[in-house]
Amino acid sequence: MTRSESYIPRYSYNSLINLVIKFPIIAYIVGFFEDFVIATMKTGPIPKHIALIMDGNRTYAKNHRLPLKEGHFAGANALVKVLEVCYKSGIEHVTIFAFSLENFNRSKEEVNTLFGLLRDKLKMISENEESYARFNKVRIRIIGNRSFIPNDILKDLEYIEQVTTERSTKKCLNVCFPYTARDEITYSIKSIVEKRSNGEIQSRDDINASMIEDNFYFGPDIPPLDILVRTSGHTRLSDFMLWQCNSGCTIEFPDVLWPDFGFFCIMSILFKWSYYRTIQLEEEAIQGNAPEVKEPIPPVLLNELPAPPPLVSVAQR
């Protein structure tokens, strides 16, 4: 059997759809259908913040017998489509896991490819007034430990942040690059210790969970995380936003490689979240009570307790 006979290309469902919708009339019909689905979904609750772990680019390239960088290119194209759907749906914040600190263990060639690809894609969607981010008023923020980013790439990324800063918009793309949750928590603690030493924090009793969150890379002005999605079917979070997804957050693990993660994949997750959120709101309305917010109970200090009563024996007469 020859090599050509043994190779059977694996065409994904999403790639076949992309091939078909290149025809103008079909593209128009598909676009109309997508807008109708989004408009229907917007009649219910809409999440404000969704995070994406875009896993599966390497496997996609392997399955399609493509160079590794082509898998990352396909993943970048899928991201643009997902962002468009999210912002059309009314989602204000989209956070993507673009590069983990653990990824530095990969080959230098792949690391350089990822760095360059991220910079080029962000420049493409923000380099002029007609580009996607600036036309749609999407603010791009780099979230992570910038000390690991090469100076030439960091300069370009900071320029992208600057030109996409639009105070009148609520749309924001948070690019975690490079990032891990443990590093973010460590960064927050170091910042708080420094502020305490400088006198910005008067008492250690002022340090609480809210202060730790305010000193994250994300900063204080970000809504709580509603949905976290990791593609490719792997059921792990890989040290991504561990603090933010501890409660009130829906976690989804679709068994789809990221380059194949398209319109129907993201909409099914949004519809599911909206459905269960609607049920939750209806139950709260039936009960007639707003969600109860419990005040934190301060710790009891033994030296502040009142003195015990005098010792009395029941045997005394």
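As the structure is a computational prediction, the values presented were derived from the model and not from experiment.

Reading the values: rules and limits
- Throughout, residues of each chain are indexed from 1 in the direction in which the sequence is written.
- The predicted origin of the model limits local features to residues at a pLDDT of at least 70 and limits the giving and counting of side-chain atom pairs to 80 or more, whereas totals for whole chains, interfaces and linings rest on all residues.
- To get the side-chain values, all heavy atoms of the structure are used, and hydrogens and water are removed first.
- Residues belong to one nonpolar core when they are buried, are Ala, Val, Leu, Ile, Met, Phe, Trp, Tyr or Cys, and are joined through side-chain atoms within 4.5 Å.
- Only protein chains enter the area calculation, which uses a 1.4 Å probe; residues under 20% of their type maximum are buried, those over 50% are exposed, and those in between are partly exposed.
- Residue contacts follow a heavy-atom distance rule, with two residues in contact if any of their heavy atoms lie within 4.5 Å.
- The helix count covers DSSP runs of H or I at least four residues long, the strand count covers runs of E at least two residues long, and both are numbered beginning at the N terminus.
- With a 1 Å grid laid over protein atoms only, a set of points is called a cavity when a 1.4 Å probe fits there but cannot get out and a pocket when it is open yet has protein on both sides within 12 Å along at least five of seven lines; lining residues have an atom within 4 Å of a point.
- Grid points are joined across faces, edges and corners, and a volume is the space filled by probe spheres set on the points.
- Gly falls in the polar group here, along with every residue not listed as nonpolar (Ala, Val, Leu, Ile, Met, Phe, Trp, Tyr, Cys, Pro) or charged (Asp, Glu, Lys, Arg).
- Confidence scores per residue from the predictor, reported as pLDDT, run from 0 to 100.

**Brief notes about the nonpolar core**
Stage number 1. Ranked by size, the top nonpolar core spans 45 residues in total, and within it Ile50, Val94, Leu122 and Leu173 carry the most contacts.
Stage number 2. When sequence neighbours within four positions are dropped, the list of residues in contact with leucine 122 reads Ile140, Ile142, Leu157, Ile160, Leu173 and Val175.
Stage number 3. Counting residues in each nonpolar core, the second largest holds 16 residues, with Leu225, Leu228, Leu237 and Cys249 among its members.

**As for the environment of serine 191**
Stage number 1. Secondary-structure assignment places serine 191 in helix α9 (residues 181-198).
Stage number 2. Serine 191 gets classed as buried once you look at its relative accessible area, which sits at 14%.
Stage number 3. As for serine 191 and phenylalanine 216, which are separated by 25 residues in sequence, their C-alpha atoms are 8.9 Å apart.

**Some details on unusual backbone geometry**
Stage number 1. Backbone torsion omega between phenylalanine 177 and proline 178 reads -20°, so that peptide bond is classified as cis.
Stage number 2. Even without a glycine there, the phi angle at serine 232 is positive, about 80°.
Stage number 3. Its place among the elements puts serine 232 in the loop between β5 (227-230) and β6 (250-252).
Stage number 4. Residue serine 232 is classed as buried on the basis of its relative accessible area of 13%.

**Here's the deal with the layout of surface pockets**
Stage number 1. Estimates place the volume of the largest pocket at around 810 Å³.
Stage number 2. Taken together, 37 residues line the largest pocket, and the ones lying closest to its centre are Met54, Asp55, Asn57, Phe97 and Ala98.
Stage number 3. Of the residues belonging to the lining of the largest pocket, the class tally is 20 nonpolar, ten polar and seven charged.

**Some details on the confidence of the model for the protein chain**
Stage number 1. Model confidence for the protein chain is summarised by a mean pLDDT of 85, while 83% of its residues fall at 70 or above.
Stage number 2. Here residues 1-11 is a poorly scored stretch, pLDDT under 50, and it has seven contacts once near neighbours within four places are set aside; other chains count.

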